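What the coordinates show
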Amino acid sequence: MPAPWIRWLALVVAVGFVSWFVFAGRRTPTPSFAKYCKIYPRAQTLSCSPGFIQVSTGSTATCQPCPRGHTAANNTCVKLLGCSELAQVTPPVRLTAGGVKTIYKTTLHGQTVVLAKGHLEDDFRTGAAVLLQLTPHARVVQPLGVCLDRLELLLPFHPSGGAHQLDPRTLAWPARVRLAMDYVEIMRYLHNNSAGTRVMCDGNSLGKLLSQFLITTDHRLLLNDVDATPLVSRATGVLIKCGHRQTRRDNTLFVAPEQLWPFPHRPFNDEEMPGYCEKSDVWKLPFVLEHFMQDPPPWVRRAVNERLAEVRRRCTREDPLERPGLHELETLFSALFSEALSKAYAQFPR
């Protein structure tokens, strides 16, 4: 017969095996899609936007903006380049031209950059001043140098080009949602910044509006052109008019109703045209969101279309004052699409 201690050891092993067999079956079953997921340890890295530097306090690192009139180089805030430095650029190659400035591609100290040369002095100076007021900001293009004596502005080169050149359907769905959220964030910043409330006037069609933005190589949206962003203040009665010509609307209904001449039986007269406020930007917002989020994937299509319809209903109210503000819309948009994605993920088998 085996020794007593061997019998006790065999009993303990048998009880342990039976306990494992009984209780293991009572655990909550793992979702069936979990086998496709693996969790890998990731290094905690911090990447700061242009115009920001990384500042460490103990074990915590944060991104801090450089002062206005500065940019970031090698994690140090440096003054923007001036006229003497901008004179050292290589012979520029013309990329495009607009009503206020011509855009060139060039290099400076071996770095590919963009040189904007103005040909309408007042408008160029206004646009440069507004850009310097709005930067640094993660979603606004960061100037590298400025020479107002020669009407020149040096900017980073973004090879992906303007947002009007992008077909969003070529991107993965999360990138398209992020572009839409970037647009909401940019408009909220334009409407709520230290310089006041600004309105995007240079955009009476979807394509023209999108041409004011750039796409980064990691598919983020950057506000690039602020030449026509006048200040408005409803509190003090300061309203704006986008230009002095009659604004017309095509069949897309992109232009807000308050931007149209309200007296159809009389010829247009700029002096009689009523002013309007930043809510004209809110009217256009659902058109931009629907552009970036068109043709959503089947697993999320119904939820997304329902939420986009809700945003359009609220933003295109005839009375501008009944439309929500951008801060409210940013919160609403984030909440709505978090809910939409949650419902979509709930469709996976468990």
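What follows covers the overall build of the protein. Broken down by element type, the protein carries eight helices and 13 strands. Scored against the burial criterion, the 350 residues of the protein give a buried share of 39%. A separation threshold of at least 6 residues defines the contact pool for the protein, and within that pool the share at least 24 residues apart is 61%. On the protein, roughly 20100 Å² of surface is accessible, and the fraction owed to carbon and sulfur atoms is 57%.

Here the focus is the state of the cysteines. If you walk through the whole model with that rule in mind, you get four disulfides. Disulfide pairing is shown between Cys48 and Cys63; the S-S distance is 2.0 Å. The chirality of the disulfide connecting Cys48 with Cys63 is left-handed, given an S-S dihedral of about -90°. On the criterion of sequence distance, the pair formed by Cys48 in the loop between helix H1 (4-24) and strand E1 (52-57) and Cys63 in strand E2 (residues 60-65) is long-range, its members being 15 residues apart.

Right, let's talk about the packing of aromatic side chains for a bit. Here the structure, examined in full by the defined rule, presents four aromatic pairs. Taking 5.0 Å as the distance between ring centres and 80° as the angle between the ring planes, the aromatic pair formed by Trp261 and Phe263 counts as edge-to-face. On the accessibility criterion, Phe263 (30% relative accessible area) is partly exposed. Both rings, one in Trp261 and one in Phe268, keep their centres 5.2 Å apart while their planes meet at 70°; by these two values the pair is edge-to-face. Assessed through its relative accessible area of 26%, Phe268 is described here as partly exposed. Members of the aromatic cluster, connected to one another through ring pairs, are Trp261, Phe263 and Phe268. The ring of Tyr104 carries the charged tip of Lys117 above its face, separated from the ring centre by 5.8 Å. Over the face of the ring belonging to Phe287 we find Arg312, whose NZ or CZ atom lies 4.4 Å from the ring centre.

Looking now at the pattern of salt bridges. For the coordinates displayed, the defined rule picks out 20 salt bridges. For Arg169, the salt bridge goes to Asp167, with nearest N and O atoms at 3.1 Å. Here Arg169 falls in the partly exposed class, since its relative accessible area comes to 48%. Residues joined by salt bridges that share partners form a network here, namely Lys101, Asp225 and Asp227.

This part takes up the pairing of strand E4 (residues 76-79). Note that strand E3 (residues 70-73) and E4 share four bridges and pair antiparallel. Following the sheet pairing, Ala73 is matched in E4 by Thr76. Once E3 ends, the chain turns through two residues before running back antiparallel as E4, passing Asn74 with a positive phi of about 55°.

Core analysis: the biggest nonpolar cluster contains 56 residues, and Phe213, Leu221, Leu223, Leu285 and Met293 have the highest contact counts within it. Ranked by residue count, the leading element in this core is helix H4 (residues 173-191), at 11 residues. Sequence-distant contacts of Phe213, that is, excluding residues within four places in its chain, are made with Gly162, Ala163, Tyr183, Ile186, Met200, Leu221, Leu222, Leu223 and Asn224.

The rules behind the values
Residues numbered from 1 in each chain as written. Predicted model: local features only at pLDDT ≥ 70, side-chain atom pairs only at ≥ 80, totals over all residues. Heavy atoms only, no water. Helix = DSSP H or I, 4+ residues; strand = E, 2+ residues; numbered from the N terminus. Buried < 20%, exposed > 50% of the residue type's maximum accessible area, 1.4 Å probe, protein only. Contact = heavy atoms within 4.5 Å. Areas by Shrake-Rupley, 256 points an atom, 1.4 Å probe, with all protein chains shown as cover. Disulfide = S-S within 2.5 Å. Phe/Tyr/Trp six-rings, centres within 6.5 Å; stacked < 30°, edge-to-face > 60°. Lys NZ or Arg CZ within 6 Å of the ring centre and 35° of its normal. Salt bridge = Lys/Arg side-chain N within 4 Å of Asp/Glu carboxyl O. Pairing = 2+ DSSP bridges. Core = buried A, V, L, I, M, F, W, Y, C linked by side-chain atoms within 4.5 Å.

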